[in-house]
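The primary structure of each chain is shown beneath.
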Amino acid sequence: MNVTISEQPTLIDIEVAIVCPRIDDRVQRIVASLNAFDRKLTGARDGATFIVPIDEVLYAETVDGTTFFYTRDTVLETPLRLYEVEDRLAGTEFVRVSKQMLVNFDHVKAIRPFDNARVQLLLDNGEAAIVSRQYAPAIKRKIGL
């Protein structure tokens with residue numbers, strides 16, 4: 001991959017152009033990373049609201065009707081429902097792994113088979129997420145299995 005940077009002081013914002021022989025998984029991952037670059041989620045803890053870049057979010061889940069997202073250091077509550085979080089994260093590396101959970105695939109370090117045709121994702125913070133049978137085929141396709 002070749003990277004070319006051209007400084008043009010007359011531009012107001014950054015422009016990114018991708019020139020490729022074909023759109024493949026690598027190109028799609030680059031686009032997903034660019035799409036996620038400036039996206040943020042807001043969440044609350046201890047009466048304070050925090051703004052978190054989505055690349056710091058490991059996963060989001062709904063527990064007893066309340067949606068939380070998790071970073072390496074903290075758990076934050078969001079007023080959004082999980083499908084609303086999923087909509088905001090469309091085009092990024094977040095994937096649905098169950099009715100209650102989304103996982104940031106950028107933080108998955110290993111995948112292993114689990115019982116009853118499910119899959120276990122091992123995250124880079126040491127936690128594990130179980131992919132339900134319904135979503136396991138999509139995860140396998142994502143990694144090329």
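Structure's up top.
Keep in mind the model is a prediction, meaning the values are calculated, not measured. (Residues numbered from 1 in each chain as written. Predicted model: local features only at pLDDT ≥ 70, side-chain atom pairs only at ≥ 80, totals over all residues. Heavy atoms only, no water.)

Considering the overall build of the chain
Tallying secondary structure elements over the chain gives 3 helices and 10 strands in all. Ordered by position from the N terminus, the helices and strands of the chain form the series α-β-β-β-β-β-α-β-β-β-β-β-α. With the C-alpha coordinates of the chain rotated into their principal frame, the extents come out at 50 × 45 × 25 Å. Per-residue burial over the chain gives 32% buried out of 145 residues. At a minimum sequence separation of 6, the contacts of the chain that also span at least 24 residues come to 37%. Just so you have it, the chain exposes about 10100 Å², and 50% of that area is on carbon and sulfur atoms. Between the mean site of the 18 positive side-chain charges and the mean site of the 21 negative ones, the chain shows a separation of 9 Å. (Helix = DSSP H or I, 4+ residues; strand = E, 2+ residues; numbered from the N terminus. Buried < 20%, exposed > 50% of the residue type's maximum accessible area, 1.4 Å probe, protein only. Contact = heavy atoms within 4.5 Å. Areas by Shrake-Rupley, 256 points an atom, 1.4 Å probe, with all protein chains shown as cover. Lys, Arg positive; Asp, Glu negative; His and termini not counted. Charge placed at Lys NZ, Arg CZ, Asp CG, Glu CD.)

Looking at the pairing of strand β4 (residues 66–70)
With 5 bridges connecting them, strand β3 (residues 59–63) and β4 associate as antiparallel partners. Paired with Glu-61 across the two strands is Phe-68, which belongs to β4. Judged from the 4 bridges that link them, β4 and strand β5 (residues 75–78) form a sheet pairing that is antiparallel. Following the sheet pairing, Tyr-70 is matched in β5 by Val-75. (Pairing = 2+ DSSP bridges.)

As far as function goes, none of this settles anything; it's purely spatial.
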